[in-house]
Amino acid sequence: MNPNMLKYIIKRIILAIFTVWVVITVTFFIMHAVPGGPFTSEKAVSPAVQKAMEAKYGLDKPLMSQYFTYLTDVIQFKFGPSLKQRGRMVIDIIFDGMKTSAKLGVIAAFLALIIGIVLGSFAALLRNSFLDRLIMVITTAFVSMPSFIMGSLLLVAFAIKTHIFPANGAASGGLVLPIITLMLYPMSYITRLTRSSMLDVLGQDYIRTARAKGVSGGRIIFGHALKNALIPVITYFGPMLAYIVTGSLVVEQIFAVPGIGRAYVSSITNRDYTMIMGTTIVLASLIVIMNLVSDILYKVVDPRITLE
Amino acid sequence: MSEEAKKEGQSVPENVAPASLTAADFAPADEKEKEYMVKMRPQTTAFKDGIRRLRKNKVAMVSFWVIVLITLCALIIPIFWPYQYEAMLGMTPGKPVDASFQNLKPMTYSATELTRIEAGEKVFPHLFGTDSSGRDYFIRVVYGTRISLAVGFFASLIVLVIGLLVGAISGYAGGKVDLVIMRIVDIIYSLPDMLMVILLATVLKQAIGDSLEGTVLARIGSNIISLFIVFALLYWVSMARLVRGQILSLREQEYVLAAQAAGAKGSWVIRKHLIPNCVSVIVISTALQIPSAIFTESYLSFLGLGVNAPMPSLGSLASDALNGITSYPYRLVIPAIVISLIVLSLNLFGDGLRDAFDPKLNG
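Residues numbered from 1 in each chain as written. Chains lettered and ligands numbered in written order. Predicted model: local features only at pLDDT ≥ 70, side-chain atom pairs only at ≥ 80, totals over all residues. Heavy atoms only, no water.

## Thoughts on the overall build of chain B
Rule in force here: A run of H or I in DSSP counts as a helix once it spans at least four residues, and a run of E counts as a strand once it spans at least two, with each numbered from the N terminus. Remark: exposure states derive from per-residue accessible area (1.4 Å probe, protein chains only) relative to the maximum for the residue type, with buried under 20%, exposed over 50%, and partly exposed in between. For this analysis, residues touch if any pair of their heavy atoms sits within 4.5 Å. Note on areas: Shrake-Rupley, 1.4 Å probe, and residue coverage restricted to the protein chains presented here.
When helices and strands are counted, chain B shows 15 helices and 0 strands. For chain B, with 363 residues in total, the buried portion stands at 43%. Taking as baseline every contact in chain B between residues at least 6 positions apart, the subset at least 24 positions apart corresponds to 73%. Roughly 19,900 Å² of accessible area belongs to chain B as shown, and the carbon and sulfur atoms make up 65% of that amount.

## Describing the overall build of chain A
Inclusion rule: In this tally Asp and Glu are treated as negative and Lys and Arg as positive; neither His nor the chain ends contributes. The atom standing in for a charge is NZ when the residue is Lys, CZ when it is Arg, CG when it is Asp and CD when it is Glu.
If you tally the helices and strands in chain A, you get 13 helices and 0 strands. Going residue by residue from the N terminus, the α and β elements of chain A occur as α-α-α-α-α-α-α-α-α-α-α-α-α. Each of the three principal axes of chain A carries a C-alpha extent, and together these read 85 × 60 × 30 Å. Out of the 308 residues belonging to chain A, those deemed buried represent 47%. With 27 positive and 14 negative side-chain charges, chain A shows a spacing of 7 Å between the two charge centroids.

## Digging into the interface of chain B and chain A
The condition that has to hold: Buried area adds together the accessible area that both of two parts lose upon being put together, with accessible area traced by a 1.4 Å probe. Any Lys or Arg side-chain nitrogen found within 4 Å of a carboxyl oxygen on Asp or Glu counts as a salt bridge. As used in this structure description, the phrase polar contact means that two N or O atoms lie within 3.5 Å; if the pair is within protein, one of them must be able to donate a hydrogen and the other to accept it, and residues adjacent in sequence are counted only when both atoms belong to side chains. The residue classification treats Ala, Val, Leu, Ile, Met, Phe, Trp, Tyr, Cys and Pro as nonpolar and Asp, Glu, Lys and Arg as charged. All others, Gly included, are polar.
The interface is formed by 36 residues belonging to chain B together with 41 residues belonging to chain A. Counting the surface lost from both chain B and chain A, the interface buries some 3,400 Å², and carbon and sulfur atoms represent 83% of this. Contact with chain A buries surface across chain B, with B:Leu195, B:Leu199 and B:Tyr299 losing the most and accounting together for 17% of the total. In this assembly, chain B and chain A are joined by 0 salt bridges. Counting across the interface, chain B meets chain A through 1 residue pair in polar contact (both at pLDDT 80 or more). Counting residues per element, the ones that place at least two in the side of chain B that touches chain A are helix H7 (175-190), helix H8 (193-209), helix H13 (266-302), helix H14 (314-321) and helix H15 (330-357) of chain B. In terms of residue class, the side of chain B that touches chain A is built from 27 nonpolar, 8 polar and 1 charged.

## Side note on the confidence of the model for chain B
Caution applies to low-pLDDT regions: their predicted coordinates should not be interpreted in detail. Residue and element names in this part refer to chain B. Counted only if it meets this: The pLDDT value tells you how sure the predictor is about a given residue, anywhere from 0 up to 100.
Looking at chain B as a whole, its pLDDT mean stands at 78, while 85% of the residues score no less than 70. Taken element by element, the predicted model of chain B shows its lowest mean pLDDT in helix H1 (residues 2-11) (47) and its highest in helix H4 (residues 58-80) (89). In this model residues 1-11 is a low-confidence stretch, pLDDT under 50, and it forms 5 contacts with partners more than four residues away in sequence or in other chains. As scored by the predictor, the complex reaches a pTM of 0.78 and an ipTM of 0.78.

## Quick notes on the nonpolar core
Which entries qualify depends on this criterion: What we call a nonpolar core is a set of buried Ala, Val, Leu, Ile, Met, Phe, Trp, Tyr and Cys residues that are connected through their side-chain atoms within 4.5 Å.
Among the nonpolar cores identified, the biggest contains 180 residues, and B:Ile198 and B:Leu234 are the most heavily contacted of them. In this structure, B:Ile198 is in contact with A:Leu249, A:Tyr264, A:Ile268, B:Tyr299, B:Leu300, B:Leu303 and B:Leu305, ignoring residues within four places of it in sequence.

## Topic: the packing of aromatic side chains
To keep things clear, this is the line we draw: Planes of paired rings set the category: under 30 degrees apart is stacked, over 60 is edge-to-face and the rest tilted, where pairs are Phe, Tyr or Trp rings (Trp by its six-membered ring) whose centres lie within 6.5 Å. In this analysis the charged atom, NZ for Lys or CZ for Arg, is taken to sit over a ring once it is within 6 Å of the ring centre and within 35 degrees of the ring normal.
Under the definition given, this model contains 14 aromatic pairs over all chains. Counting every residue linked through ring pairs, the aromatic cluster contains A:Phe28, A:Phe29, A:Tyr67, A:Phe68 and A:Tyr70. Looking at B:Arg331, its charged tip hangs above the ring of B:Tyr328, at a distance of 4.1 Å from the centre.

## Notes on the pattern of salt bridges
All names here are of chain A. Taken as a whole and judged by the stated rule, the model has 9 salt bridges over all chains. For lysine 99, the salt bridge goes to aspartate 96, with nearest N and O atoms at 3.6 Å. Residue lysine 99 and its partner aspartate 96 are both found in helix H4 (residues 90-125); the two are separated by 3 residues, about one turn of the helix. Here aspartate 96 falls in the partly exposed class, since its relative accessible area comes to 37%.

## So, H4(A)
We count it as follows: Expected span, for any helix, means 1.5 Å times one less than how many residues it has. Bend at a residue means the angle formed by two fitted axes: the first through the 7 residues ending at that position, the second through the 7 residues beginning there.
When the terminal C-alpha atoms of H4(A) are compared, their 50 Å separation across 36 residues agrees well with the 52 Å that a helix rising 1.5 Å per residue should span. Along H4(A), the sharpest change in direction is near 35° and occurs at A:Met98.

## Here's the deal with the packing of H13(B) against H14(B)
Residue and element names in this part refer to chain B. Threshold: Note on definitions: angles span 0 to 180 degrees between N-to-C directions of axes, and those axes are lines fitted to C-alpha atoms, for helices only across the stretch in contact. The handedness criterion is simple: a crossing whose near helix is rotated anticlockwise from the far helix by less than a right angle is left-handed, and one whose near helix is rotated clockwise is right-handed.
Running from N to C, H13 and H14 point in directions that differ by 35°, and their axes come no closer than 7 Å. Handedness of the crossing formed by H13 with H14: right-handed. Together, Ser298, Ser301 and Phe302 of H13 and Gly315, Ser316 and Ser319 of H14 make up the contact between the two elements. Its residues assigned to classes, the contact of H13 with H14 shows 1 nonpolar, 5 polar and no charged.

## Let's talk about unusual backbone geometry
All names here are of chain A. Positive phi is not limited to glycine here, since histidine 163 has a value of about 60°. For histidine 163, a relative accessible area of 61% gives the class exposed. Positive phi values are uncommon outside glycine, yet alanine 256 reaches one of about 55°. Structurally, alanine 256 is set in the loop between helix H11 (237-255) and helix H12 (260-270).

## Observations concerning the environment of A:Tyr67
Residue and element names in this part refer to chain A. Note that tyrosine 67 resides in helix H3 (residues 63-75). Remark: the alpha-carbon pair of tyrosine 67 and histidine 32, spanning 35 residues in sequence, is separated by 10.0 Å. Once residues within four sequence positions are removed from consideration, tyrosine 67 is found in contact with Trp21, Thr25, Phe28 and Phe29.

## Considerations on the side chain of B:Ser319
Here B:Ser319 lies in helix H14. Classification of B:Ser319 as buried rests on a relative accessible area of 16%.

## A look at helix H11 (residues 236-251) of chain B
All names here are of chain B. Between the first and last C-alpha of H11 there are 22 Å, a value that for 16 residues agrees with the 22 Å anticipated at 1.5 Å per step. Every buried residue of H11 is listed here: Trp236, Val237, Met239, Ala240, Val243, Gln246, Ile247 and Leu250. Among the structural elements, helix H6 (137-173), H7, helix H10 (222-234), helix H12 (254-261) and H13 are those in contact with the buried residues of H11.

## Re the environment of B:Ala155
All names here are of chain B. For alanine 155, the location among the structural elements is in helix H6. Alanine 155 gets classed as buried once you look at its relative accessible area, which sits at 0%. Alanine 155 sits 135 residues away from isoleucine 290 along the chain, and the two C-alpha atoms are 7.5 Å apart. When neighbours within four sequence positions are excluded, alanine 155 is seen to be in contact with Phe228, Phe231 and Ala293.

Pasting the structure below:
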């Protein structure tokens, strides 16, 4: 590894850490800018009780000291108790939700990658054929459809009208529709990305050399071209995770999947501040880390890519 | 053009390899001959050229007319439509609620309306039926389209103005200013935007809700305003990067150097070289920003952070429809189709614009 690369990686890691710090800080101060504070929605709380509550959660201390306490807590993943789900810690709720959500997200991401790469390669190989056109039309349509609409339409078509899959995400087989919903957008995006980068690669000299040597079409695609054509796909890892995280908020809502997305949305409607803060920080850190990994991987995989 | 040239050609004396040269051959060219020599294609500009290419692109043109049609419908239909988007039919103050108006299927009438029709009155049909509060669904979809389009347009405008300003300052000033601005841009760029949008929208909704009371802005609603604030805070960064990059790279172009060497003043270079070359890129990325803003708005509406009730947007209509999805799936399908159509046509038109005006970016 050359020193330039090391410098780049260190720079990116520092930026990532800084970004996470910004997220934590912004989250903290935004939540404290809310007029009234977290206990205003409680019914008929006497001033004394409110004082006691604030003292319990440390809300009576000066803002800066609250901030530093919070910062040290967050580093140790202590997000405190949920304000609305009595007796539960935020980190436990996140952890419970993560089990389902991670399964959902990981399967969706893998399917999107595999199907997208295969479809994209075929589209590039059969350029301007009927199949290519069809693939492009379908993926364009999918890219233009918000995830919640896609999810709702799938729900109507496959769970309510035909009962092929259960409408409830907690039932057995209930994750099929949420996974398809989450998968379609990244799959379409990867298909288009693979197609255009594959077309780019197929025009290069070493492919012509391979052709001249008599290598078969399939071997050219999968043995020679694919490896290079996939490099741009790596850059999509970060955005894909971000899409899946935000998409899962609505998809889990639609299909009633007991994941972190649904917990997050209900914490927004309930104004469960500690929960909102904790979830935002965890999800944001995940996305930042994934962006970091995909950026570094991108540079490491292809030595031709110049470093700034 | 070619016929004209032929005509011209005949009128010009044939002097290919003359046997002997006379004094007339050495006379200065007369006006007619000069005109023949300088015959050119009609003058064209980069803009006209781009429009010509755009017109040839069928997909882009169809998308363009779809957008125009949808926009015109959203603007004009509410003017003459007999129903209002917030009017709950069957609810008259002081009388019991006429529940027969609620949840009408498309093209059906309520009991009261049926008796009126029997009496010989003409009643305007409910094209898409009514919703659970007895509101005409067609006009709500039209209004929702209007709101979604407006949000997309104005959000992109905000992004454009802020991004253009910051990017231009950063690109021109260079040095420390540039460095600081670009680091800020880097950080905002790496923030997970949707999560931040949700967070800001949640808080702003409560923070500015009260202070808006009684002002003109209250009509727009605190949620839309917080959406605009969110856009102004977070989404300008890619525009700023783009503008800065354009300015930096254009300044180094040979033709700018050539113009400067030929004695062009700074203002000339900006007017004749920098702006025309920047504009296409900026317009294209603004055009592509509109569908993404519409996406964001509908997403937030779905989470309950979008427009304030009773104002509809396509996202909030779709999200409301989820409650009665088993009985009334068309209430979801209609706004879903409209929003997909808008986003799809805007995307395709934006792609067409890019292909037509900036062949360099095409890839």
